[in-house]
Every structure is written in structure tokens, then in C-alpha cells.
Amino acid sequence: MIQSVQRALRIMELVGRHADGVSAPRIAFECGLNRATAYNLLRTLVYEGYLRRDGEGRYSLGLEVSDRYSELTRAIAGPKTCGDYMRKVSAETGYSTFVARFVEDRPAVTEVIEGNRSPHVEDLIVGFDDGAHATALGKALLATLRPDDRARFLRAAGMRRFTGRTLVEPDAFEHDLAVGDESGVYAELGQFKADVACAGVVVRRDGSPSERVVFAVAMPLSDISESWTPMSARLREAAAELQPLV
């Protein structure tokens, strides 16, 4: 333990118990400190804004304490919007996060937060509505459709080959969706971009297609073996945590 930090915290606790302030000699006595040490710590805490000293030399809590309290309450309350939640996940993981919905009957990206560990994918921007069969976002949304509606969509949209791994046969695509249905996480590994992997979950499945929402992350394909298990678990949590925010 770092003794000076412990002493500073004891001072903060003591001062916090005295709404009308407390003198330096009393602080030194009650905290078991010599006066020189107490004064050095008090000067530092005042300088940093965690304590303030009035005209009579009494110490009370400073404004920085209320700032830390505000930050704590915001953290406990959690994100208030979908965008806040996406920023939180991107900050935690370093991976880009995406939300997609049906827009005019096509799976489309509606929100993006870029992460510093994810490759930049120029196509995956707000408004992108192509290649649903090759993206985790598209797969998750298409999985919410009835099989005949999904087949009709794929016939109309086509199943373009983006990479050598892209699934371009309807039977292979249906099998891939069945795997995602079982695990709750829909994935594509280099099917849209050769060096990128994406995984997504359905946040809202009920209602009309325009009300359905999916959430996904993108990562380097090289990360998938190490990151898949924890990221799958995190995505399942996100599916529940995002529901009240979308």
C-alpha cells in the first residue's frame, strides 16, 4: 500500500464527516499524523480541488468530490441512449459497434461507433444496405424473417460474392443462419471483407420488420480465435441491455 495515499484518504473521510469544516490541528490529531505531514497533504488536496480552506483555516470537501460523485452516479445508472451504450462497448473492447434495422424493407446500418482496434471498413457506414447475406448485421436481421420472406428477399437482392468465403448458395446460407439461431450470435468470418470478422445479435425481434433491431461488432479476422468466446458472451448481454434503449 502507498502510505501517502492512505493518509490522504483518511483526511478526506474525516473532513467529510464535518459539514462545518475542521481545523488542520484536529485533522493531524485524529488521523495520527505529525503536523508537517498533515499540512503537506492538506495543501495538495486543496490544490487539486478535493478540499477547500475557508478564511478561518477550516477545511471542507471541495468541488472535485462532487464531480467524482456525479461521474459515479452516471456510471451506476448506465448508458441512457443506444449511442451511449455503443460508445461504452467500443471503449471496453476496442472494436467498432453497429446497429442495423430494416429501412424500406432492406437491412441497413443506422448507427456506427468506430473502435481503435477494428479495421476501418469504408462500406459499413450509416445508410449501407447492401450485402446482407455477407454481414453479421444482415444475417441477424434476415434471421427474423419467415423463410419464404427471406428467400424472396435473397432472390431480389442477389447473393453477390464479396470474398472467396462469401456464402452464395441459399442452402448454405440457411445452414449458417441455423447455427446462429442455436447460439444466438450470427457471424461472418471474412465473408464481406477478407481481413474482417463480424458478430451480431438480435436486440428486438418482435413487431413489424421496421421495428426489429440488431447489434454487432467488427474485429480483425486474426482476433477471432482469441476473442470469439468472450465476445459472444458480451453480445448476448448486449442483446438484453440494449432492449430498453432502442
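Residues numbered from 1 in each chain as written. Predicted model: local features only at pLDDT ≥ 70, side-chain atom pairs only at ≥ 80, totals over all residues. Heavy atoms only, no water.

(A) Inspection of the pattern of salt bridges at higher detail. In total, this model carries 16 salt bridges according to the counting rule given. Among the salt bridges present, the one from R106 reaches D129, with a minimum N-O distance of 3.3 Å. Placement of the pair is R106 in strand β5 (residues 106–113) and D129 in the loop between β5 and α6 (136–142), with a sequence separation of 23 residues. The partner of R146 in a salt bridge is D149, with the nearest N and O atoms 3.1 Å apart. By relative accessible area, which is 23% here, D149 ends up partly exposed. Look at the salt bridges and you will find they share partners, linking E92, R234, E237 and E241 into a network. (Salt bridge = Lys/Arg side-chain N within 4 Å of Asp/Glu carboxyl O. Helix = DSSP H or I, 4+ residues; strand = E, 2+ residues; numbered from the N terminus. Buried < 20%, exposed > 50% of the residue type's maximum accessible area, 1.4 Å probe, protein only.)

(B) Examining the domain arrangement of the chain more closely. Segmenting the chain into domains produces domain 1 (3–67) and domain 2 (77–243). In this structure, domain 1 and domain 2 have C-alpha centres spaced 52 Å apart. (Domains from an automatic or database assignment.)

(C) Focus on the nonpolar core. Core analysis: the largest hydrophobic core is formed by 29 residues, its most contacted members being L124, L137, L142 and V214. Elements that contribute at least two residues to this core include exactly β4 (96–103), α6, α7 (147–157), α8 (170–183), β7 (196–204) and β8 (213–220). Per element, the largest residue contribution to this core is 5 residues, and it comes from α6. If near-sequence neighbours (up to four positions away) are discounted, V214 is found in contact with F98, V99, A100, L137, A140, L141, V201, V202 and V203. Listed in part, the 23 residues of the second largest apolar core include Y95, V213, V217 and M231. (Core = buried A, V, L, I, M, F, W, Y, C linked by side-chain atoms within 4.5 Å. Contact = heavy atoms within 4.5 Å.)

(D) Seen up close, the state of the cysteines. On inspection of all chains with the given rule, the structure shows 0 disulfides. Here C82 stays free of any disulfide, with the sulfur of C198 as its closest cysteine sulfur at 16 Å. On the accessibility criterion, C82 (5% relative accessible area) is buried. (Disulfide = S-S within 2.5 Å.)

(E) Spotlight on the packing of helix α5 (residues 82–93) against helix α9 (residues 224–241). One way to put it is that α5 packs onto α9 with a least axis distance of 12 Å and a crossing angle of 165 degrees. Taken together, α5 and α9 sit at an angle that is classed as roughly antiparallel. In this structure, the crossing between α5 and α9 has a hand that is right-handed. Residues Y85, V89, E92 and T93 of α5 form the contact with α9, whose participating residues are M231, R234, E237, A238 and E241. When grouped by side-chain class, the residues that make up the contact of α5 with α9 number 4 nonpolar, 1 polar and 4 charged. (Axes fitted to C-alpha atoms, helices over the stretch in contact; angles between N-to-C directions. Parallel < 35°, antiparallel > 145°, perpendicular 65-115°, else oblique. Left-handed = near helix turned anticlockwise from the far one by under 90°. Nonpolar A, V, L, I, M, F, W, Y, C, P; charged D, E, K, R; others polar.)

(F) Quick peek at the sheet that holds strand β1 (residues 22–23). Within the open sheet, the 3 strands sit side by side as β1-β3-β2. Their pairing is antiparallel. Here the strands that pair on one side only, and so sit at the sheet edges, are β1 and β2 (51–53). Pairing of β1 with strand β3 (residues 58–61) involves 2 bridges; the strand directions are antiparallel. Its bridge partner lying in β3, S23 is registered against R58. (Pairing = 2+ DSSP bridges.)

(G) Spatial organisation of the sheet that holds β7. As summarised here, the arrangement of the 5 strands in space is β5-β4-β8-β7-β6, forming an open sheet in which the pairing is antiparallel. The open sheet is flanked by β5 and β6 (186–189), the only strands paired with a single partner. Sheet twist, expressed as the average angle between the axes of neighbouring strands with direction ignored, equals 25 degrees. Here β7 pairs with β8 via 8 bridges, running antiparallel. By the bridge assignment for β8, G200 is matched with A216. Where α9 meets the sheet, it contacts β6, β7 and β8, and its direction lies at approximately 15 degrees from that of β7.

(H) Structural detail: α7. Within α7, burial applies to R150, F153 and L154. Buried residues of α7 fall within an arc of 95 degrees about the axis and therefore sit on the same side. Every exposed residue of α7 that faces more than 90 degrees away from the buried side is listed here: R155 and A156. Those residues of α7 that are buried lie in contact with β5, α6 and α8. (Arc of directions from axis to C-beta.)

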